[in-house]
Structure formats: structure tokens, C-alpha cells
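Architecture at a glance
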Amino acid sequence: MPGLLRGVARTAVVAGTATAVSNRVSRRQAGRWAEQDAQQQPPQQPAPQAPAPDEMSSNIDKLKELGELKAQGVLTEAEFEAQKRKILG
């Protein structure tokens, strides 16, 4: 029985140490990514003016059509996002 307890205790120590190290690495990496994102943020630009109502409904129709094409598998996610940015921006 003491051999079994020793094995269980050793496993618990190893698992606990591995978890602690993994969490520390994850936190450190997240901090590095946050620093990189902060450095790469473009300067804030003023918000664009709202489009006219006719243009807005036209844009909505275009977005619906894009959504249907994506749902049918004609457009990939990347193509969908690119076209959506063109319409909205």
C-alpha cells in the first residue's frame, strides 16, 4: 500500500507542477501578445459619415446576397469578409 500512495503522490506533484508551469507560460504569452497588439494599433480615425437611406438599403441587400452565397458554399469565409468590408467601408 505505501508504494501505491507514493506513486499517487508523485503523480499529483508532477501534474500540479505541470499545470502551474503551463498556466504561467500562458499568462506570460498573453501579456506579450497584448503588448504587441498595443504597439500595432493604428491611430484612431474619425468615424465615417452614415450613408444615405437608399444606399443603406442597397448595402443591406448586397450583404444578404453575400450571406446566401456563403451559406451555399460559393464564397469562403475570407472572401465573404473581404466583400463585406468593401460594402461597409
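Structure: see above.
The paragraphs below set out a description of the structure included in this document. The structure displayed is predicted, hence computed values, not measured ones. (Residues numbered from 1 in each chain as written. Predicted model: local features only at pLDDT ≥ 70, side-chain atom pairs only at ≥ 80, totals over all residues. Heavy atoms only, no water.)

Here we take up the pattern of salt bridges. Considering all chains together, one arrives at two salt bridges under this definition. Linking glutamate 81 and lysine 84 is a salt bridge whose minimum nitrogen-to-oxygen distance equals 3.4 Å. Here the residue glutamate 81 and the residue lysine 84 both occupy positions in helix α3 (residues 77-88), the gap between them amounting to three residues, near one helical turn. Using a relative accessible area of 25% as the deciding quantity, one classes glutamate 81 as partly exposed. (Salt bridge = Lys/Arg side-chain N within 4 Å of Asp/Glu carboxyl O. Helix = DSSP H or I, 4+ residues; strand = E, 2+ residues; numbered from the N terminus. Buried < 20%, exposed > 50% of the residue type's maximum accessible area, 1.4 Å probe, protein only.)

Quick look at the packing of aromatic side chains now. Tallying each qualifying case throughout the model produces zero aromatic pairs. Taking NZ or CZ as reference, lysine 70 lies 5.0 Å from the ring centre of phenylalanine 80, over its face. (Phe/Tyr/Trp six-rings, centres within 6.5 Å; stacked < 30°, edge-to-face > 60°. Lys NZ or Arg CZ within 6 Å of the ring centre and 35° of its normal.)

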